Amino acid sequence: LFQMFITIRFGADEEELFNPDCAFGVLMNDIKKRCRCSDRDSIRLLNEKAGSLVPIPDGESRDSALKLFTARGCYILLAEEKSAGVISYIPLLDDPGKELLAILESFVVGKPSKSIGRRASRTPQTTTKIMSGGKGRRK
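Structural notes, computed from the coordinates.

Definitions and cut-offs
Residues numbered from 1 in each chain as written. Predicted model: local features only at pLDDT ≥ 70, side-chain atom pairs only at ≥ 80, totals over all residues. Heavy atoms only, no water. Phe/Tyr/Trp six-rings, centres within 6.5 Å; stacked < 30°, edge-to-face > 60°. Buried < 20%, exposed > 50% of the residue type's maximum accessible area, 1.4 Å probe, protein only. Lys NZ or Arg CZ within 6 Å of the ring centre and 35° of its normal. 1 Å grid on protein atoms, 1.4 Å probe; cavity = no way out; pocket = protein on both sides within 12 Å on 5 of 7 lines; lining within 4 Å. Points joined across faces, edges and corners; volume = space filled by probe spheres on them. Helix = DSSP H or I, 4+ residues; strand = E, 2+ residues; numbered from the N terminus. Nonpolar A, V, L, I, M, F, W, Y, C, P; charged D, E, K, R; others polar. Core = buried A, V, L, I, M, F, W, Y, C linked by side-chain atoms within 4.5 Å. Arc of directions from axis to C-beta. Contact = heavy atoms within 4.5 Å. Pairing = 2+ DSSP bridges.

## Examining the packing of aromatic side chains
So, step 1. Using the criterion set out here, one finds one aromatic pair in the structure.
So, step 2. For the ring pair Phe69 and Tyr75, a centre distance of 5.0 Å and an interplane angle of 85° mean the geometry is edge-to-face.
So, step 3. The class for Phe69 is buried, based on a relative accessible area of 7%.
So, step 4. On the accessibility criterion, Tyr75 (0% relative accessible area) is buried.
So, step 5. Across the ring face of Phe18, the terminal group of Arg34 is positioned such that the distance to the ring centre comes to 4.0 Å.

Dropping the structure here:
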């Protein structure tokens, strides 16, 4: 039987394997837990090879996540931040690189007040602390 898995990259060159053959909401909750994000954090995933955001299913999160991912694909964990009508995506990698930041800049929705820079990338622990008022889980 074929087993599909995906790799989620985050933090300081950390990776976790996930099986997306489940409900989308279940997968996202497991990603938050294993990648040390709080339940309140808003996260998204970027397909590293295609350079595109994984779409969030409309309606209930009970829809299968399997159809949204490429077998053995690698995805980058992102924080989704909303402020004054602007939605931006922050890579949860310690060293995201200029190319990744440029890709994420193209996904900003609304009128950004300033561009995404090196200062914006954070580890999951730091983002959890910032996004949840310091009550996030730490390793």
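## Quick look at empty space enclosed by the protein
Regions of empty space are outlined by a rolling probe, equal in size to a water molecule, passed over the atoms.
So, step 1. Here the structure, examined in full by the defined rule, presents one cavity of 30 Å³ or more.
So, step 2. When its volume is computed, the largest cavity comes out at roughly 30 Å³.
So, step 3. Broken down by secondary-structure element, the contributors of at least two residues to the lining of the largest cavity are α1 (24-34) and β3 (43-47).
So, step 4. Among the residues making up the lining of the largest cavity, the classes are represented as six nonpolar, no polar and one charged.

## With respect to the nonpolar core
So, step 1. Ranked by size, the top nonpolar core spans 21 residues in total, and within it Ile8, Ile31, Leu45, Phe69 and Leu77 carry the most contacts.
So, step 2. Breaking this core down by element, the ones donating at least two residues are β1 (6-10), α1, β3 and β5 (74-83).
So, step 3. Of all the elements, α1 adds the most residues to this core, at four residues.

## As for helix α2 (residues 97-105)
So, step 1. Turning to α2, its buried residues number three or more, namely Leu100, Leu101 and Leu104. Down the axis of α2, the buried set is contained in an arc of 100°. They therefore lie on one face. Across α2 from its buried face, at more than 90 degrees, point the exposed residues Lys98, Glu99 and Ala102.
So, step 2. Buried positions along α2 lie against β3, β5 and β6 (86-91).

## Describing the pairing of β6
So, step 1. The element β6 is largely enclosed, with a buried count of five among its six residues.
So, step 2. Here β5 pairs with β6 via six bridges, running antiparallel. Each bridged residue has a counterpart across the sheet, and for Leu78 the counterpart in β6 is Pro91.
So, step 3. Taking the residues between adjacent antiparallel strands as the criterion, β5 and β6 are bridged by two residues, where Ala84 takes a positive phi near 50°.

## A short note on the pairing of β1
So, step 1. Counted residue by residue, β1 has four buried out of five residues, so it is predominantly covered.
So, step 2. Bridge count for β1 against strand β2 (residues 14-18) is five bridges, and the pairing is antiparallel. Bridged to Thr7 within β2 is Leu17.
So, step 3. Counting the residues between successive antiparallel strands, the hairpin from β1 to β2 contains three residues, one of them, Gly11, with a positive phi of roughly 60°.
So, step 4. Relative to β5, β1 runs parallel, the two being bridged by three bridges. Following the sheet pairing, Arg9 is matched in β5 by Ile76.

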